[in-house]
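Spelled out from the first residue to the last, the chains are:
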Amino acid sequence: GIGPDIFIAGYGNGALKVYDIRANGPVSDVVGSLGSTTDRRSSGNSTTRRSRRPPKLMQYAEHSSWVVNTAFTGFGGRYEICSGSVAGDIRFFDLRIPESIRTLDVQRSPMTALACHPGIPFFATGSHAQFIKIMSMDGDTLQVIRYHEEIAGQRMGPVSCLAFHPHRPLLAAGATDEIISLYAPK
């Protein structure tokens, strides 16, 4: 990614917010927020918590449903944000531009997992409809996995999580059938 100090938060309403924790943002008043331990000030009968929040770099609101996962990609010298939503769309954002730079509609069934490889330009999506799609960043489908390789005829359950190895083309997948699988190119 572009560094450990910048992070992305995806929300249930489809919004993405990008934060930079290095910058000293203004102190914001938060009433009853969890995790703010900076100080408490009492004014009259009410107690107000004050917490330091990292300043927002950018905010996007283009997904129509909740965000499944987000990742930074850095291929070809460009750093982009990749995000996917339950509706099955993948959007790519450039931090310098206030809207997405491209959109891929990758599946019609609900997307339940998304993983982007940090060193190879491809990503994987998982579905409630019991399949994993491995795709290039251009949207070309490289492979669709529906069955567990070592268990003859055993169809995988709804996919719940995906993760790539940071340096090798290995994909780990978890499903609700309590089987964890590792996939490697042949």
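Preceding this paragraph is the structure being described.
Residues numbered from 1 in each chain as written. Predicted model: local features only at pLDDT ≥ 70, side-chain atom pairs only at ≥ 80, totals over all residues. Heavy atoms only, no water.

Turning our attention to the pattern of salt bridges. The final tally for this structure, using the stated rule, is four salt bridges. When the shortest N-O distance is used, the salt bridge between Arg91 and Asp89 registers 3.0 Å. Within the structure, one salt-bridge network assembled from shared partners comprises Glu62, Asp89 and Arg91. (Salt bridge = Lys/Arg side-chain N within 4 Å of Asp/Glu carboxyl O.)

The full count for this structure, using the stated rule, is three aromatic pairs. Ring plane angle 25° and centroid distance 5.3 Å describe the contact between Phe7 and Tyr19, whose orientation is recorded as stacked. You can see Phe7 sitting in strand β1 (residues 6–10) and its partner Tyr19 sitting in strand β2 (residues 16–20), a full 12 residues away along the chain. Residue Phe7 is classed as partly exposed on the basis of its relative accessible area of 35%. Aromatic side chains Tyr60 and Phe93 sit 4.2 Å apart centroid to centroid with 35° between the ring planes, which places their arrangement in the tilted category. Taken together, the residues span a long stretch of sequence, with Tyr60 in strand β6 (residues 56–60) and Phe93 in strand β9 (residues 89–93) at a distance of 33 residues. Between Arg102 and the ring centre of Phe92, over which it is positioned, the NZ or CZ distance is 4.0 Å. The lysine or arginine in question, Arg155, covers the ring of Tyr147, its NZ or CZ lying 5.8 Å from the ring centre. (Phe/Tyr/Trp six-rings, centres within 6.5 Å; stacked < 30°, edge-to-face > 60°. Helix = DSSP H or I, 4+ residues; strand = E, 2+ residues; numbered from the N terminus. Buried < 20%, exposed > 50% of the residue type's maximum accessible area, 1.4 Å probe, protein only. Lys NZ or Arg CZ within 6 Å of the ring centre and 35° of its normal.)

Take the sheet that holds strand β14 (residues 141–145) next. Ordered in space as β11-β12-β13-β14, the four strands form an open sheet in which the pairing is antiparallel. A strand with exactly one partner marks an edge of an open sheet, and here the two such strands are β11 (111–116) and β14. On average, each strand axis in the sheet is tilted by 15° relative to the strand beside it, whichever way the strands run. As paired elements, strand β12 (residues 122–127) and strand β13 (residues 132–136) share five bridges and run antiparallel to each other. Counterpart to Phe123 in the pairing with β13 is Met135. (Pairing = 2+ DSSP bridges. Axes fitted to C-alpha atoms, helices over the stretch in contact; angles between N-to-C directions.)

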